[in-house]
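A look at the structure
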Amino acid sequence: MSATTAAVPFWRAAGMTYIGYSNICAALVRNCLKEPFKSEAASREKVHFSVAKWADGKQEKPMLWKLGDLTWFFMLQLSAQMMNKDLVPW
Amino acid sequence: MKPRPPTPASIPTKLTVNFVLPYKSEIDNKEVDMVIVPATTGQMGVLPGHVATITELKPGVLSVHEGNDVTKYFVSSGFAFVHANSVADIVAVEAVPVDQIDPSLVQKGLAEFTAKLGSASTDLEKAEAQIGVDVHSALNAALAG
């Protein structure tokens, strides 16, 4: 595996973080489980997000996202991008 | 929190292991003979008296040896901290007993990510596909061994 030979692992070179890399690895392992272990792992990893836009000094109606574990890493990236702009969640 | 035991003058007969996941403590302060961890540099056997080390783990098999009993886990990634006092702390994001892995899903995933690796265009897509291939190859090897 190329990850072990280079000074910088391939996923790091592609701009991923260790948290992102390890969460993807964990999600892939969970996806290869037999039932009922797969469902148990999925329910454990469920993440809910509530994001509301702040406009005219008021919080607008929040949107609720129910996500599986593989998507939440991308959601964090998205929320980080939003916080740098005018949209302020939480 | 209890203080860690001091480094004994002579090497103890057992290795004390802590193995934790974000959602549970899998092994808590248990005395075993040996653990073999899937370090990024290769499988690393840890016996009592091992030199203090920190090592990154790759997706692979962690085996815990107690006499003739061997417990095998598949860890997704993580770190192992081996202390001078023959205590080893192992942390992982996900770890499952090897017998809970579904071989048909592993084959399916391996084929899927091998195809993705071929069609990936950006560096990020390539890296994601490579992670998929690495994890499923490791799962496959765990089932074979």
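Scroll up to find the structure this text is about.
All values derive from a computational prediction rather than experimental measurement.

1. Considerations on the environment of Gln107(B)
With respect to the helices and strands, the residue Gln107(B) is situated in helix H1 (residues 103–119). Along the sequence, Gln107(B) and Ser137(B) sit 30 residues apart, while their C-alpha atoms lie 8.9 Å from each other.

2. With respect to the packing of aromatic side chains
In total, this model carries six aromatic pairs over all chains according to the counting rule given. An angle of 55° between the planes, with centres 5.5 Å apart, marks the rings of Tyr18(A) and Phe79(B) as tilted. Of the two residues, Tyr18(A) is situated in helix H3 (residues 18–31) and Phe79(B) in strand E8 (residues 78–82); the pairing between them involves two chains. What makes Phe79(B) partly exposed here is its relative accessible area of 27%. Among the aromatic side chains, those forming a connected cluster through ring pairs are Trp11(A), Tyr18(A), Tyr21(A), Phe79(B) and Phe81(B).

3. Details of the packing of H3(A) against helix H2 (residues 123–144) of chain B
Taken N-terminus to C-terminus, the directions of H3(A) and H2(B) make an angle of 50°; their axes are 10 Å apart at the nearest point. It follows from the interaxial angle that H3(A) and H2(B) lie oblique. Crossing of H3(A) against H2(B): the hand is right-handed. From H3(A), Tyr21(A), Ile24(A), Cys25(A), Leu28(A) and Val29(A) reach across to H2(B), where they touch Glu128(B), Ile131(B), Gly132(B), Val135(B) and His136(B). In the contact of H3(A) with H2(B), the residues fall into seven nonpolar, two polar and one charged.

4. Brief notes about the nonpolar core
Counting residues in each nonpolar core, the largest one holds 28 residues, and the members touching the most others are Phe74(B), Ile101(B), Ile131(B), Val135(B) and Leu139(B). When contributions to this core are tallied by element, the ones reaching two or more residues are helix H2 (10–13) and H3 of chain A together with H1 and H2 of chain B. In terms of residue count, H2(B) provides more of this core than any other element does, seven residues in total. Apart from residues lying up to four places away in sequence, Ile101(B) is in contact with Cys32(A), Lys34(A), Phe74(B), Val96(B), Val106(B), Leu139(B) and Leu143(B). Listed in part, the 22 residues of the second largest apolar core include Val32(B), Val46(B), Val64(B) and Tyr73(B).

5. Overview of H3(A)
All names here are of chain A. Along its 14 residues, H3 runs 20 Å from first to last C-alpha, staying within 8% of the 20 Å computed at 1.5 Å per residue. Burial runs high along H3: eleven of the 14 residues are buried. Taken as a whole, H3 has its buried residues at Gly20, Tyr21, Ser22, Asn23, Ile24, Cys25, Ala26, Ala27, Leu28, Val29 and Arg30.

6. A look at the interface of chain A and chain B
Between chain A and chain B, the residue contacts involve 25 residues of the former and 32 residues of the latter. Connecting chain A to chain B are two salt bridges. For Arg30(A), the salt bridge is made with Glu94(B), and the minimal N-O distance between the two is 2.4 Å. Counting the contacts that link chain A with chain B gives six residue pairs in polar contact (both at pLDDT 80 or more). Elements supplying a minimum of two residues to the side of chain A that touches chain B: H2, H3 and helix H4 (37–44) of chain A. In terms of residues, the side of chain A that touches chain B owes the most to one element, H3(A), which gives eleven residues. Residue classes in the side of chain A that touches chain B are distributed as 16 nonpolar, four polar and five charged.

7. Notes on the packing of H1(B) against H2(B)
Helices that pack against each other are described as a pair by the angle of their axes relative to one another and the distance between those axes. Residue and element names in this part refer to chain B. Orientation of H1 relative to H2, taken along the N-to-C sense of each, is 150°, at an axis distance of 8 Å. Put simply, H1 runs roughly antiparallel to H2. In this structure, H1 crosses over H2, and the sense of that crossing is left-handed. Residues Pro103, Leu105, Val106, Gln107, Gly109, Leu110, Phe113, Thr114, Lys116 and Leu117 of H1 form the contact with H2, whose participating residues are Lys126, Glu128, Ala129, Gln130, Gly132, Val133, His136, Ser137, Leu139, Asn140 and Leu143. Here the contact of H1 with H2 is composed, by residue class, of ten nonpolar, eight polar and three charged.

8. What about the pattern of salt bridges?
Pairs may arise between side chains of opposite charge once their charged atoms sit close together. Residue and element names in this part refer to chain B. Counting across every chain of the model gives seven salt bridges over all chains. Linking Lys24 and Glu26 is a salt bridge whose minimum nitrogen-to-oxygen distance equals 3.2 Å. When its relative accessible area of 41% is taken as the criterion, Lys24 is described as partly exposed.

What counts, and where the lines are drawn
All chains use their own residue numbering, which begins from 1 and follows the written sequence. Here chains are named by letter from A upward and ligands by number from 1 upward, in the order in which they appear as written. Since the coordinates come from a predicted model, pLDDT governs what is reported: local features require at least 70, and pairs of side-chain atoms require 80 or more to be given and counted, while whole-chain, interface and lining totals use all residues. No hydrogens and no water enter the side-chain calculation; it runs on all heavy atoms of the structure. For the purposes of this entry, the term helix denotes a DSSP run of H or I that reaches at least four residues, the term strand denotes a run of E that reaches at least two, and both are numbered from the N terminus. In summary, the pairing rule links any two rings of Phe, Tyr or Trp, Trp by its six-membered ring, whose centres are within 6.5 Å, and it sorts them by plane angle into stacked for under 30 degrees, edge-to-face for over 60 and tilted for everything else. Relative accessibility under 20% of the residue-type maximum defines a buried residue, over 50% an exposed one, and the middle range a partly exposed one, all with a 1.4 Å probe and only protein chains included. Working convention: axes come from line fits to C-alpha atoms, limited for helices to the stretch in contact. Angles between N-to-C directions cover 0 to 180 degrees. Small angles under 35 degrees read as roughly parallel and large ones over 145 as roughly antiparallel, with 65 to 115 read as roughly perpendicular and the rest as oblique. By convention, the crossing between two helices is left-handed when the near helix turns anticlockwise from the far helix through less than a right angle, and right-handed when the turn is clockwise. What makes two residues a contact is simply this: any of their non-hydrogen atoms within 4.5 Å. Three classes are used: nonpolar for Ala, Val, Leu, Ile, Met, Phe, Trp, Tyr, Cys and Pro, charged for Asp, Glu, Lys and Arg, and polar for all others, with Gly counted as polar. Nonpolar core, defined: a set of buried Ala, Val, Leu, Ile, Met, Phe, Trp, Tyr and Cys residues in which side-chain atoms within 4.5 Å join the residues together. Here the expected length of a helix is defined as 1.5 Å per residue gap, with one fewer gap than residues. Whenever Lys or Arg places a side-chain nitrogen within 4 Å of a carboxyl oxygen from Asp or Glu, that contact is recorded as a salt bridge. In protein, a polar contact means a hydrogen-donor-capable atom and an acceptor-capable atom, both N or O and within 3.5 Å, with residues adjacent in sequence counting only if both atoms are side-chain atoms; elsewhere, any N or O pair within 3.5 Å suffices.

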